[in-house]
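Given next are the chains, with one letter for each unit.
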Amino acid sequence: MKFNTQLIHGGISFDETTGDVSVPIHMASTFKQHKIGESKYEYSRSGNPTREAVEKLIADLEEGASGFAFASGSAAISTIFTLFSSGDHIVVGNDVYGGTFRLIDSVLKRQGLTFTIVDTRDLEAVENAIQNNTKAIYFETPTNPLLRITDIQAVAKIAADHHLLSIVDNTFASPYIQKPIVLGADIVVHSASKYLGGHSDLIAGLVVTKTAELGQKIGYLQNAIGAILAPQESWLLQRGIKTLALRMQRHQSNAQTIFDYLNAHPQVARVYFPGDPNNSDYALAKKQMHGFGAMISFELQAGLNAEAFVENLKVITLAESLGALESLIEVPAKMTHGAIPRDVRIATGIQDELIRLSVGIEDIDDLIADLDQSFDQLSH
Ligand SMILES: *Cc1c(COP(=O)(O)O)cnc(C)c1O
C-alpha cells in the first residue's frame, strides 16, 4: 500500500464486529474476561482498542515494528528516557525542543543521567561526544526554530557502529516528509499535537520502534508509567492523520510561495528554510526529505519591530505551536524559547528578533496580503 492509502487504510481502520469505517471510541477502563488470561484487552492503561488502532497506524506510517500513543509528546519523550539508568550518558542535538531541553536539564540530570549537547550536523562532533557509558544519540531534524538539517542516515550509522540507540524527534517533518526508521534510526517520537493531529484541537505523543524487541521495552514502560493517550483523543488523532497527505501538500506549496516572497522582501534580512538553495543544508534536505516542510523562520532588517509585525497580522494567528491548519506565527525569544537563557539562545543563533512561521493551509493570496499589510505598517 502506498503512503497516501495507508493514511486511510493502514493500521486498524475499521471495526471487525460492526464494520464501522471509523474505529469506535472504546470508553472502557476494563474488559470482561471469559477465561483468566485469555483476553485480548484487560485494562485500558495496558491496552485499549481505539488507542491500538492509532498505534498500529503510526507504526505502519513510519515503517516500524511497534507504535505507542501517549498523553503528549512530552510524555512520549519522558517515557523513552526511562529506557536509561543513572550513570548512563546520552548525546543530544543542540537545537532540541525547549521542553525536551527542560526535561533533560532539570529532571533527568537530577536522576543521574548525563548529557553532551552537540550540533548533530557535525558528524565528527557526534563521534567525539561518545563515551564508554553512552547509550543513545537523540536529535531533531529539521530543528526548531532554525530548521537545521541533520543527516539521519549518517548519525544512525554512527549510533549503530557504537551499539547506541538513535532516537529522532520527527515532529517538524511528519512521516509524509521523512521516515527516520527507513534511514536507520531505532526510535521515532512525535508530538502528535502538531502535524499529525493537525487541527490544533489535541495534545498527543507517538513513538515507533524499529524492532519488536525495542517495542516490548517501550510497551512495558508505557504500561508501567501510564502516560497513555485516552480513547477520545486516540480517535481524534486517527481522524486527523487521515488527511495528513492533503494537508502537507497544501502546507508545503504555501510555504514555498511564502519563502520566495520573504526572500525577495526588502524588509527581511534573513530567511531560514530547508528549501532555500543557498542554505548549506539544502542538498541534504533534498535527499532526505520529501519536500521541505512548512516551517519558515526569518529576521527583519535591523531596527524593525518584530513584535509589532506579528501583532499586526490579521489572518496569520499569533500563537505558540505549529503544524496546524491555521498559519501560526511567534517570536521564539519571547515565547517558545523564552525559558532558554539569553546567552545560550544567542549562541545557538536564535536572535531576539527572529520570527517563526508555521504556514497553514489558508488561501495563499490571503496569507501574502496579510504579510503585505503588516510590512506596510512597519514602514510608516
Ligand atoms: C511540541 C513539541 C514537543 C512536545 O510535545 P507536546 O505534545 O507539546 O508535549 C516535542 N518536540 C517537538 C519538536 C515539538 O514541537
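All chains use their own residue numbering, which begins from 1 and follows the written sequence. It should be noted that, the model being predicted, local features are given only for residues of pLDDT at least 70 and side-chain atom pairs only at 80 or more, the latter also being counted only at that level, while totals for whole chains, interfaces and linings use all residues. Each side-chain value is derived from all of the structure's non-hydrogen atoms; neither hydrogens nor water enter the calculation.

Quick one: what's the story with the sheet that holds strand S1 (residues 66–70), residue by residue and with numbers?
Two strands pair under a simple rule: DSSP has to find at least two bridges between them. Going along the chain from the N terminus, every DSSP run of H or I of four or more residues is numbered as a helix, and every run of E of two or more is numbered as a strand. With mixed pairing, 7 strands are arranged side by side in an open sheet as S1-S7-S6-S5-S4-S2-S3. The open sheet has two edge strands with one neighbour each: S1 and strand S3 (114–118). Between one strand axis and the next, the sheet turns by 20° as a mean value, whatever way the strands run. Bridging between strand S2 (residues 89–93) and strand S4 (residues 134–140) involves 4 bridges; their strand directions are parallel. When the sheet's bridge partners are listed, histidine 89 is paired in S4 with threonine 134. Contacts: residue pairs with any heavy atoms within 4.5 Å of one another. Here the axes come from fitting lines to C-alpha atoms, over the contacting stretch only for helices, and the angles between their N-to-C directions go from 0 to 180 degrees. Docked against the sheet, helix H6 (residues 152–161) engages S4 and strand S5 (165–169), running at close to 170° with respect to S4.

Let's hear about the sheet that holds strand S8 (residues 268–272): which residues, and what values?
Reading across the sheet, the 5 strands line up as S8-S9-S12-S11-S10 and stay open at both edges, with mixed pairing between neighbours. Each end of this open sheet is capped by a strand with a single partner; those strands are S8 and strand S10 (317–318). Across 5 bridges, strand S9 (residues 295–300) lies against strand S12 (residues 354–358) in antiparallel orientation. Pairing of methionine 295 across the sheet is with serine 358, part of S12. Packed onto the sheet, helix H9 (residues 244–263) meets S8, S9 and S12 and runs at close to 15° relative to S9.

Pulling in residues and values, what's your account of the site of the ligand?
Whether a residue is near a molecule or strand depends on its heavy atoms: if one lies within 4 Å, it is near. Ser74, Asp169, Ser191, Ser193 and Lys194 are the nearest of the 14 residues found near the ligand. Residues adjacent in sequence count toward polar contacts only when both atoms are side-chain atoms; beyond that, a polar contact is any pair of N or O atoms within 3.5 Å, and within protein one must be able to donate a hydrogen and the other to accept it. A distance of 2.7 Å is found between a nitrogen atom of the ligand and a side-chain nitrogen or oxygen belonging to aspartate 169. Using a 1.4 Å probe, the Shrake-Rupley method yields the accessible areas, and only the shown protein chains count as cover for residues. Protein chains shield 93% of the accessible area of the ligand, which is 380 Å² for the free molecule. With 3 residues, helix H3 (residues 73–81) is the single largest residue contributor to the shell around the ligand. Classification used: nonpolar for Ala, Val, Leu, Ile, Met, Phe, Trp, Tyr, Cys and Pro, charged for Asp, Glu, Lys and Arg, polar for all others including Gly. Of the residues that constitute the shell around the ligand, the class distribution is 5 nonpolar, 6 polar and 3 charged.

Which residues make up the nonpolar core, and what are the values?
Within soluble globular proteins, side chains that are nonpolar generally end up buried alongside one another. Side-chain atoms within 4.5 Å link the members of a nonpolar core, which is a set of buried Ala, Val, Leu, Ile, Met, Phe, Trp, Tyr and Cys residues. Type-normalised accessible area, obtained with a 1.4 Å probe on protein chains alone, sets the label of each residue: buried when under 20%, exposed when over 50%, and partly exposed for intermediate values. Formed by 64 residues in total, the largest nonpolar core has its most connected members in Leu237, Ile258, Ile296, Phe298 and Phe309. For every domain, the bounds stem from an assignment made automatically or drawn from a database. Here this core gathers at least three residues from each of two domains, domain 1 (3–241) and domain 2 (245–379). Ignoring anything within four residues of it in the chain, the contact list for isoleucine 258 reads Ile296, Leu357, Val359, Ile364, Leu367, Ile368 and Leu371. Within the second largest apolar cluster, 25 residues are counted, among which are Ala76, Phe81, Phe84 and Ile167.

Hey, could you go over H6 for me, with residue numbers and the actual values?
Along an α-helix, a turn takes 3.6 residues, which lines up residues three or four apart on a common side. Within H6, the full set of buried residues consists of Ile152, Ala154, Val155, Ala156, Ile158 and Ala159. Residues of H6 that are buried sit in contact with helix H5 (123–129), S4, S5 and helix H10 (282–288). Where H6 begins, the capping side chain belongs to aspartate 151, and its oxygen is found 3.2 Å from the backbone nitrogen of glutamine 153. Just downstream of H6 lies histidine 163, where phi reads positive at about 60°.

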